[in-house]
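Per-entry structural report
In case you want the letters, here they are:
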Amino acid sequence: MIRRIAIGIATASLCTLVPATGQAQGRLGLLEQGEYVCALPGSATGPAWQEMEAHNFAITGASSYRTDKGVGTYLLEGKRVTFTRGPMKGHRMMLLSSGLLQELERDGKLGRLRCHRSGPLED
C-alpha cells in the first residue's frame, strides 16, 4: 500500500514539472495565403517605412512559403510563427492581427521589422 502511494506521489510530481503540450505551445494554425511585404519603420522627416525587399515572402498554403531564394515551411503556434525549413529557417515572428506579423528577436522581444499581407499570390 505504501509503495502504491509513493508511486502515485512521484507520478504527480513529475506531471507538474512537465507542462502539457496544449498549454506550452498554443493552437496550431495557418497564415493567410498571399504576398507579404516587409519593412522597417521610417522617420517623421522621411518616408513612413523602408521596405526590406530581401525579407519579403509569400505564404503559398499548407504551412509553406516561398522567397526569392527558395521555398520552405513554417509553424504557427498560437500567435508565434517559426520558419522551420528553407531560406528563412530559424526566423521567428509574432502574428499581431490577420495579415500583420512582427519580427521576434532572439530574446523574445518584438523587433522593428514588420511584414503585412499585400495581396493575393502572384505567379
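Everything below is about the structure printed above this text.
This write-up is about the structure you can find in this document.

Reading guide: rules and limits
- Residues numbered from 1 in each chain as written.
- Predicted model: local features only at pLDDT ≥ 70, side-chain atom pairs only at ≥ 80, totals over all residues.
- Heavy atoms only, no water.
- Helix = DSSP H or I, 4+ residues; strand = E, 2+ residues; numbered from the N terminus.
- Buried < 20%, exposed > 50% of the residue type's maximum accessible area, 1.4 Å probe, protein only.
- Areas by Shrake-Rupley, 256 points an atom, 1.4 Å probe, with all protein chains shown as cover.
- Pairing = 2+ DSSP bridges.
- Polar contact = N/O pair within 3.5 Å; in protein donor to acceptor, adjacent residues only side chain to side chain.
- Contact = heavy atoms within 4.5 Å.

So, about the overall build of the chain. In terms of regular secondary structure, the chain is built from two helices and ten strands. Starting at the N terminus, the α and β elements of the chain follow one another as α-α-β-β-β-β-β-β-β-β-β-β. A total of 123 residues make up the chain; the buried ones form 28% of that total. A total of about 8700 Å² of accessible surface is found on the chain, and carbon and sulfur atoms cover 55% of it.

Moving on, we get to the pairing of strand β4 (residues 57-61). For β4, the buried fraction is high: four of the five residues fall into the buried class. Pairing of β4 with strand β5 (residues 64-67) involves three bridges; the strand directions are antiparallel. Residue I59 lies in a different strand from β5, and its bridge partner there is Y65. The loop that links β4 with its antiparallel partner β5 comprises two residues; one of these, A62, has a positive phi angle of about 50°.

A few words now on the side chain of Q102. Tracing the backbone shows Q102 in strand β9 (residues 100-104). We classify Q102 as buried; its relative accessible area is 7%. Of note is the side chain of Q102, whose polar atom sits 2.6 Å from the backbone oxygen of G111. At 3.5 Å, the side chain of Q102 forms a polar contact with the side chain of R114. If we skip the residues at most four places from it in the chain, Q102 touches M93, M94, L96, L110, G111, L113 and R114.

Attention now moves to unusual backbone geometry. In the Ramachandran plot, A62 falls in the positive-phi region, its phi being about 50° despite a non-glycine side chain. As for its placement among the helices and strands, A62 is situated in the loop between β4 and β5. The phi torsion at S63 lies on the positive side, around 60°, for a residue other than glycine. For S63, the location among the structural elements is in the loop between β4 and β5.

Here M52 shows up in the loop between β3 (49-51) and β4. Sequence separation between M52 and L113 is 61 residues, and the spatial gap between their C-alpha atoms is 8.5 Å. Beyond its immediate chain neighbours, meaning those up to four positions away, M52 contacts C38, A39, L40 and L113.

Any functional reading would require information that these geometric values do not contain.
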